[in-house]
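Residue-level structure breakdown
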Amino acid sequence: MSPKCPYENTVNLTNHQRYENGSYLYEGLIIPPENNLIWDKESVPLHLRGCVCEERPCLKLCCQKDEYFDYNWNTSKCMKITSDMKVAWELPLLQQSGKSEMTNIFKHFTTQVVKLCEKLEYLDPMVVEWILMEDGSLIAYDINIESYCFSPVLDRISGEYLLLPYKCIPILDDIGLMWKYTLFEYSQYVLLIFLIITVLVHLVLHELRRNQGEKIFVCYLFSATICHVIVSILNFHSYFQYNSCMSLGFIGYFFYIASYSWLSILCYDIWKHFNESYVELNSSKTLKEFIIYTRFAWLSAGLATFGFVFVKLSPSVDNMFKPGFRIGQCWINSKLWKLNLK
């Protein structure tokens, strides 16, 4: 292979049209015979490649044009794009003038299909800020990217597949992340089962709801259980329509805040009645207290959720302050907030 045309600047010419003079046609470009080279390397089977990136900038794809990279922890592979899948083949491209313009990748770039590694992860633009240059190079902030490839990724909110860059996951990190992800996922289901059992036991046995502290504890368990049910649903399903995604996220956030409100109330009530051995709920004093506690818990959760919804839906609020409902999730994007605090 010519030193002027390294492997990274070539494309596989197998199954592409060949002319009598030895030239090949690849995505509208005629590759003359002098640019057609046999690539023979231990890591790559013997095949014919052509130099194209010098004629037009190249963009790396993880799979063929009619495929997308199916990303998950267990099996990651290229899958066929079906007719009902809406794929946006446009990307924001940083021009030499400094302006960013949405550009169809097939009109500006020559595409290369590359296999970077076995395990890939995409760069969520809400977490990692990246810019695609006119020459096909990718610049990402706070992260080192030596190689990348693009593939459509499902946006759960819009239901559309958006082009996002993938990068390799180091082997050690991959094992650690997969173990952590699997442990976290199954621990959530185990926690949910015990929460439901605990709530049912407290509702069935009246002896566990005789005083005010026990009733407050039941309210806390109820809020925490509803929150974990919603989070488990979001983790179990891979796609939600926009309205369903937003509704589940907002309802889950409401009960998430409510659970901590009830927990704070429980701590306060224990402190207030610490020297009392037993507090009956039937007395007018404790009943008034419980009503005040109830109003505080649900109203504080409601106000927090109202602010949450306002920040999410308001066009005047900068994206860095938004909860981060975006690609692949209908829950708070805590990674985005961590990056903004750096």
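Let me begin by describing the structure that accompanies this report. Numbering of residues starts from 1 in every chain and runs along the sequence as written. Reporting of local features is limited, given that this is a predicted model, to residues whose pLDDT is at least 70; pairs of side-chain atoms are given and counted only at 80 or more, and all residues count toward the totals for whole chains, interfaces and linings. The side-chain figures draw on all heavy atoms in the structure; neither hydrogens nor water molecules are used.

A few points about the packing of aromatic side chains
- Each pair of aromatic rings taken from Phe, Tyr and Trp, with Trp reduced to its six-membered ring, is defined by centres within 6.5 Å and is described as stacked if the planes are under 30 degrees apart, edge-to-face if over 60, and tilted in the remaining cases. Taken as a whole and judged by the stated rule, the model has 18 aromatic pairs.
- Centroid distance phenylalanine 254 to phenylalanine 255: 5.2 Å. Interplanar angle 85°. Geometry classified as edge-to-face.
- Note on phenylalanine 255 and tryptophan 298: the rings are 6.3 Å apart at their centroids and 80° apart in plane angle, and the pair reads as edge-to-face. Remark: tryptophan 298 occurs in helix 5 (residues 284-313) and phenylalanine 255 occurs in helix 4 (residues 242-272); sequence separation between them is 43 residues.
- Tryptophan 298 gets classed as partly exposed once you look at its relative accessible area, which sits at 27%.
- Here the aromatic residues Phe222, Phe254, Phe255, Trp262, Phe290 and Trp298 are joined through ring pairs into a cluster of three or more. Every helix listed is a DSSP run of H or I at least four residues long, and every strand listed is a run of E at least two residues long, numbered separately from the N terminus. Relative accessibility under 20% of the residue-type maximum defines a buried residue, over 50% an exposed one, and the middle range a partly exposed one, all with a 1.4 Å probe and only protein chains included.

Focus: the sheet that holds strand 14 (residues 130-133)
- We treat two strands as partners when DSSP finds at least two bridges between them. Strand order across the open sheet formed by four strands is 11-10-14-15, with mixed pairing between neighbours. Taken across any chain shown, the strands that pair with only one partner, and hence form the sheet edges, are strand 11 (100-104) and strand 15 (138-140). Shown here is a sheet whose adjacent strand axes are inclined to one another by a mean of 45°, direction ignored.
- Here five bridges tie strand 10 (residues 90-94) to strand 11, and the two strands are oriented antiparallel to one another. Paired with leucine 93 across the two strands is glutamate 101, which belongs to strand 11. Note on geometry: axes are C-alpha line fits, over the in-contact stretch for helices, and angles between N-to-C directions span 0 to 180 degrees.

A look at the side chain of threonine 10
- Within the element layout of this structure, threonine 10 appears in strand 1 (residues 10-12).
- Among the polar contacts listed, one links the side chain of threonine 10 to the side chain of arginine 49, at a separation of 2.6 Å. Polar contacts, as counted here, are pairs of nitrogen or oxygen atoms within 3.5 Å of one another; within protein the pair requires one atom able to donate a hydrogen and one able to accept it, and residues that are adjacent in sequence qualify only if both atoms are side-chain atoms.

Details of empty space enclosed by the protein
- In this analysis the probe radius is 1.4 Å and the grid spacing 1 Å, with only protein atoms considered; a cavity is a set of points the probe fits into but cannot get out of, a pocket is an open set with protein on both sides within 12 Å along at least five of seven lines, and lining residues have an atom within 4 Å of a point. Grid points are joined across faces, edges and corners, and a volume is the space filled by probe spheres set on the points. Under the defined criterion, the tally for this structure stands at one cavity of 30 Å³ or more.
- As for the largest cavity, its lining consists of Leu61, Cys62, Cys63, Gln64, Lys65, Glu67, Trp89, Phe150, Ser151, Pro152 and Leu163.
- In terms of residue count, strand 16 (residues 149-154) provides more of the lining of the largest cavity than any other element does, three residues in total.
- A per-class count over the lining of the largest cavity returns seven nonpolar, two polar and two charged. Note on residue classes: Ala, Val, Leu, Ile, Met, Phe, Trp, Tyr, Cys and Pro are nonpolar, Asp, Glu, Lys and Arg are charged, and everything else, Gly too, is polar.

Quick notes on the state of the cysteines
- The criterion for a disulfide is a pair of cysteine sulfur atoms lying within 2.5 Å. Considering all chains together, one arrives at three disulfides under this definition.
- Note that cysteine 53 is cross-linked by a disulfide to cysteine 58, the S-S spacing being 2.0 Å. Looking down the S-S bond of the cysteine 53 and cysteine 58 bridge, the torsion is -110°, so its handedness is left-handed. Both residues of the pair, cysteine 53 and cysteine 58, belong to the buried class.
- Note that cysteine 62 is cross-linked by a disulfide to cysteine 149, the S-S spacing being 2.0 Å. Here the disulfide of cysteine 62 and cysteine 149 is right-handed, its torsion about the S-S bond being about 95°. You can see cysteine 62 sitting in the loop between strand 6 (58-61) and strand 7 (67-70) and its partner cysteine 149 sitting in strand 16, a full 87 residues away along the chain.
- With relative accessibility at 8%, the residue cysteine 62 sits in the buried group.

Let's talk about the nonpolar core
- In this text, buried Ala, Val, Leu, Ile, Met, Phe, Trp, Tyr and Cys residues form a nonpolar core when linked through side-chain atoms within 4.5 Å. In this structure, Leu59, Leu91, Trp130, Leu132, Phe150 and Tyr166 are the most contacted members of the largest nonpolar core, which totals 24 residues.
- Every element with two or more residues in this core is listed here: strand 6, strand 10, strand 13 (120-122), strand 14, strand 15, strand 16 and strand 17 (161-168).
- Whether two residues are in contact is decided by their heavy atoms, any of which lying within 4.5 Å being enough. Beyond its immediate chain neighbours, meaning those up to four positions away, leucine 59 contacts Leu91, Ile105, Phe109, Thr110, Thr111, Gln112, Leu132, Tyr148 and Phe150.
- Formed by 13 residues, the second largest nonpolar core is a distinct cluster that contains Phe250, Ile257, Ala258 and Ile332.

Keep in mind these values describe shape, not function.
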